[in-house]
Amino acid sequence: MKRFIDPNELARDSRFVRQDNAQSTVLAAMPDDVDVIVNAFEQFSPMIEESVRGTAAQSLFDAYGPAFALTVINEPIDPDAPEGLTRLLLRMHGIFVGEMQALEGAARSLWDFPDTPWEFKMNMARQCWDEARHIQIFEKLLVHLGGYVGMFPESTFLFEAACSDDPAMRVAGVNRGLEGLACDVFRDMIRYAEKTGDEKMRQAVDYVLADELTHVRFGSEWVREFTKDDPEYLKRTQDYRRAVDKQFSFGGARSDREDAAIPIAWEDRLEAGFTEEELTELANLSGDGPSKKTLTAAAKILRERHFEKRTANAETGAQS
Ligand SMILES: [Fe+2]
Ligand SMILES: [Fe+2]
């Protein structure tokens, strides 16, 4: 069996649609300027509309306009927001595919590094077992909420964090970066379920979160073990995790601010072996590209223009 596979080689059945990461890459390269972002989205609006037509995301385009992805990423999920359920399903589906990629990442860590200690391999095997269970749990939760597998396209940016060919960096990226993000998102989902009184979802996500803490702990412990007696190696590994975390901060959408779309699960992360210093640094990380404020302002303008255009089109249609 091949070692170190490319994200494009991940096996999926015909229900799954693969999405390229072009939009997020383009966005990270844009200046922190509302007008530039508005113009770019207006220009690509027909293409974005075409890409969501017939998919579950079409209703998000209708409700928020071409920049629906910016709103979805930057605002906390809210059952009362327009298309609140679709937004919840989008997140749930993202978590479901994220769990699949976490299983693939852990299994790859076991296979890609044959010279690592037996205990490391056992930890990775244990993680695979957990992730397989998580996939089933989130598939059931997706159906519980009225969704289905394959309703949204899958982005493989999480698995890409699992592509380092160095074992310390691999566990730093997957177990501390990706699994740490899972802690933040799951804590947020528990809060959401408490708010909506969905006891099934609250309890299921709580069970999963307990496992994720263990996975982060595997990362904290193995980074320490792999880099012991080599401070320079430890530094390179920490820098790598920082780069992964920056990618996972979605331009600052995840932060310790009250209104963050994804607040940092501070207590959970401390329990999993992150230090206060690392968490403070994480809270101050924001990705490359435009700030959250700029993106929110651009999304608002684009949404207003989208509705103006719809009204104008409806009026022209009525006259003819
Ligand atoms: Fe998981
Ligand atoms: Fe995990």
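Since we're looking at a predicted model, the values are computed, not measured. (Residues numbered from 1 in each chain as written. Chains lettered and ligands numbered in written order. Predicted model: local features only at pLDDT ≥ 70, side-chain atom pairs only at ≥ 80, totals over all residues.)

(A) Structural context of the overall build of the protein chain. Helices and strands together make up the secondary structure of the protein chain, namely 13 helices and 2 strands. The 320 residues of the protein chain split such that 40% are buried. (Helix = DSSP H or I, 4+ residues; strand = E, 2+ residues; numbered from the N terminus. Buried ≥ 20, exposed ≤ 12 C-beta atoms within 10 Å, placed from the backbone.)

(B) Broad picture of unusual backbone geometry. Residue Glu-83 is not a glycine yet carries a positive backbone phi of 55 degrees. Along the polypeptide, Glu-83 turns up in the loop between helix H4 (68–74) and helix H5 (84–112).

(C) Seen up close, the packing of H5 against helix H6 (residues 118–144). Taken N-terminus to C-terminus, the directions of H5 and H6 make an angle of 160 degrees; their axes are 8 Å apart at the nearest point. When the axis of H5 is compared with that of H6, the two are roughly antiparallel. In this structure, H5 meets H6 at a crossing whose hand is left-handed. In terms of residue class, the contact of H5 with H6 is built from 17 nonpolar, 4 polar and 4 charged. (Axes fitted to C-alpha atoms, helices over the stretch in contact; angles between N-to-C directions. Parallel < 35°, antiparallel > 145°, perpendicular 65-115°, else oblique. Left-handed = near helix turned anticlockwise from the far one by under 90°. Nonpolar A, V, L, I, M, F, W, Y, C, P; charged D, E, K, R; others polar.)

(D) Focus on H5. Over its 29 residues, H5 runs 41 Å from end to end, which matches the ideal 42 Å to within 8%, given 1.5 Å per residue. Of all 29 residues that make up H5, 21 are buried, and the element is covered over most of its length. (Expected span 1.5 Å × (residues − 1).)

(E) Local environment of helix H10 (residues 231–248). When the terminal C-alpha atoms of H10 are compared, their 25 Å separation across 18 residues agrees well with the 26 Å that a helix rising 1.5 Å per residue should span. All buried positions along H10 are accounted for by Thr-237, Tyr-240, Arg-241, Val-244, Asp-245, Gln-247 and Phe-248. One face of H10 carries all of its buried residues, which in axial projection span an arc of 155 degrees. Seen from the open side of H10, the exposed residues pointing more than 90 degrees away from its buried face are Pro-231, Glu-232, Lys-235 and Asp-239. Where the residues of H10 are buried, they touch helix H8 (167–196), helix H9 (199–226), strand E1 (254–255) and helix H12 (276–284). At the exit of H10 stands Phe-250, carrying a positive phi of roughly 45 degrees. (Arc of directions from axis to C-beta. Contact = placed C-beta atoms within 7 Å.)

(F) Broad picture of the confidence of the model for the protein chain. Looking at the protein chain as a whole, its pLDDT mean stands at 89, while 95% of the residues score no less than 70. Ranking the elements of the protein chain by mean pLDDT puts helix H1 (residues 22–28) last with 67 and H6 first with 97. (pLDDT = per-residue confidence, 0-100.)

(G) Just the environment of Cys-163, in detail. Mapped onto the secondary structure, Cys-163 falls in the loop between helix H7 (157–160) and H8. The spacing of Cys-163 and Ile-5 is 158 residues in sequence and 7.7 Å in space, taken between C-alpha atoms.

(H) Summary view of the packing of H5 against H8. Where H5 meets H8, the axes come as close as 11 Å, and the angle between the chain directions of the two elements is 155 degrees. As the angle between them shows, H5 and H8 are arranged roughly antiparallel. H5 and H8 meet at a crossing whose hand is left-handed. Each of Ile-95, Ala-102, Gly-105 and Ser-109 in H5 lies in contact with H8, whose residues at this interface are Arg-170, Val-171, Val-174, Leu-178 and Val-185. Residue composition of the contact of H5 with H8, by class: 6 nonpolar, 2 polar and 1 charged.

(I) The environment of Val-38, seen in detail. When you line up the elements, Val-38 lands in helix H2 (residues 34–52). Considered as a pair, Val-38 and Leu-103 are 65 residues apart in the sequence and their alpha carbons are 38 Å apart. Beyond its immediate sequence surroundings of up to four residues, Val-38 is in contact with Ala-298, Ile-301 and Leu-302.

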